[in-house]
Amino acid sequence: PALAAQGAHPARTTPEALADELGALLRDAVARRMAADVPLGAFLSGGYDSTTVVALMQAQSTRPVRTFTIGFHEQGYDEARHARAVAQHLGTEHTELYVTPAEALAVIPRLPAIYDEPFADSSQIPTFLVSQLARRHVTVALSGDGGDELFCGYNRYVIGQRTWEKLRWLPLPARRAVAAVLRNLPGQALDALQRRALPARLRLPNLVDRLPKLAETLAHRDGAAFYRALVSHWKQPDRLVLGAREPATLLDDSAGLPALPGLRERMMLLDMLTYLPDDILTKVDRASMAVSLEARVPLLDHRLVEFAWRVPTEYKYRHGHGKWLLRQ
């Protein structure tokens, strides 16, 4: 919360000066996490965060950095080609594993021992597999986790904010009527239609999954409820355990949080305080520890977190793009 208060009234400076400061902080944060007397590598997805970490590792290494990627034969889920292009550009010693359905299914019986509690992040299986792959070659691996929450990377910060700004001017009864229509739209048929009729750049990705989610979010009274619906995969968690009641969390009662300029900043803060530690970092820590791999997260260096909350949002989301400053 103290960091958020800083973010609400940041010191103004130029984009160039901010980019220079961020570059220096990133370089030092990565260098500190490279200190090891055991073999060292990095997870590489090909996205901005892991690419930034690996680039700064390679810039400070006298030998090719070991990088590791999981790929999928299903084209819509495969990031390996992006990671491969980054690895070739940077000159890393790259290893990739294309996962078969059988290999993914084989992990499922191990999940209770790995996570030790009910845990349902959809990427927990590939996270375990990439950790297992890395451990065959290294003992420590750096990851790019944290960049989305700090530098406005998730689609919900862009699309969610934009959607709510438009929706909140509609009367609630009208929004609920639109939601009812969306719930009954044939998602598969619409997705097939847009694939036939629209060029790839104009298609809505994951349309089948997004229609029900959009319908669910339309009927909420305020931005806080809208955000909760946006990030909730299970809408009535009390039904998971009969007779139980969901405990109060920051998602239910965030009154103690500092005032922030808008919904986008509020989403980023709540994600940093809830989703990041309780999901993302839990997933990576337990998956890596299950194979005796130490995962380090340079983007969550406390100096970078403090810097990110001092940066005005206009330099994180700019010209229609999230992570603008990190891209610079």
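Above this text is the structure in question.
Given the structure is predicted, the values throughout are model-derived calculations rather than measurements.

Another point: the packing of helix α2 (residues 15-33) against helix α3 (residues 48-59). Axis angle and axis distance: for two packed helices, these are the angle between their axes and the distance between the axes, and together they describe the pair. Contact pair α2 / α3: the axes reach a minimum separation of 9 Å and the direction vectors enclose 75°. The angle between α2 and α3 places the two elements in the roughly perpendicular class. Only Thr52, Val53, Leu56, Met57 and Ala59 of α3 make contact with α2, whose side of the interface consists of Leu26, Arg27 and Val30. Residue composition of the contact of α2 with α3, by class: six nonpolar, one polar and one charged.

Listed as buried for helix α4 (residues 80-90) are Ala80, Ala83, Val86 and Ala87. In a view along the axis of α4, the buried residues occupy a sector of 125°, so they form one face of it. Exposed side chains of α4 directed beyond 90 degrees from the buried face belong to Gln88 and His89. Elements in contact with the buried residues of α4: α3, β2 (66-72) and β3 (93-99). Positive phi appears at Gly91, one or two residues downstream of α4, with a value of about 80°.

Quick look at the packing of α2 against helix α15 (residues 302-310) now. Running from N to C, α2 and α15 cross one another at 160°; their axes reach a closest spacing of 10 Å. Accordingly, the angle class assigned to the pair α2 and α15 is roughly antiparallel. Note that α2 runs across α15; the crossing there is left-handed. In this structure, α2 uses Leu18, Glu21, Leu22, Leu25, Leu26, Asp28, Ala29 and Arg32 to contact α15, whose residues at the interface are Arg303, Leu304, Phe307 and Arg310. Of the residues contributing to the contact of α2 with α15, the split by class is seven nonpolar, no polar and five charged.

Within the secondary structure layout, Ala113 lies in helix α6 (residues 111-115). Separated by 45 residues in sequence, Ala113 and Val158 have C-alpha atoms that sit 37 Å apart.

The next subject is the environment of Leu250. Within the element layout of this structure, Leu250 appears in the loop between α13 (223-231) and α14 (263-289). Given the relative accessible area of 29%, Leu250 is considered partly exposed. Through-space distance from the C-alpha of Leu250 to that of His73 is 39 Å; in sequence the pair is 177 residues apart. Among residues more than four places away in sequence, those in contact with Leu250 are Leu257, Leu270, Leu273 and Thr274.

About the cut-offs
- Residues numbered from 1 in each chain as written.
- Predicted model: local features only at pLDDT ≥ 70, side-chain atom pairs only at ≥ 80, totals over all residues.
- Heavy atoms only, no water.
- Axes fitted to C-alpha atoms, helices over the stretch in contact; angles between N-to-C directions.
- Helix = DSSP H or I, 4+ residues; strand = E, 2+ residues; numbered from the N terminus.
- Parallel < 35°, antiparallel > 145°, perpendicular 65-115°, else oblique.
- Contact = heavy atoms within 4.5 Å.
- Nonpolar A, V, L, I, M, F, W, Y, C, P; charged D, E, K, R; others polar.
- Buried < 20%, exposed > 50% of the residue type's maximum accessible area, 1.4 Å probe, protein only.
- Arc of directions from axis to C-beta.
- Left-handed = near helix turned anticlockwise from the far one by under 90°.

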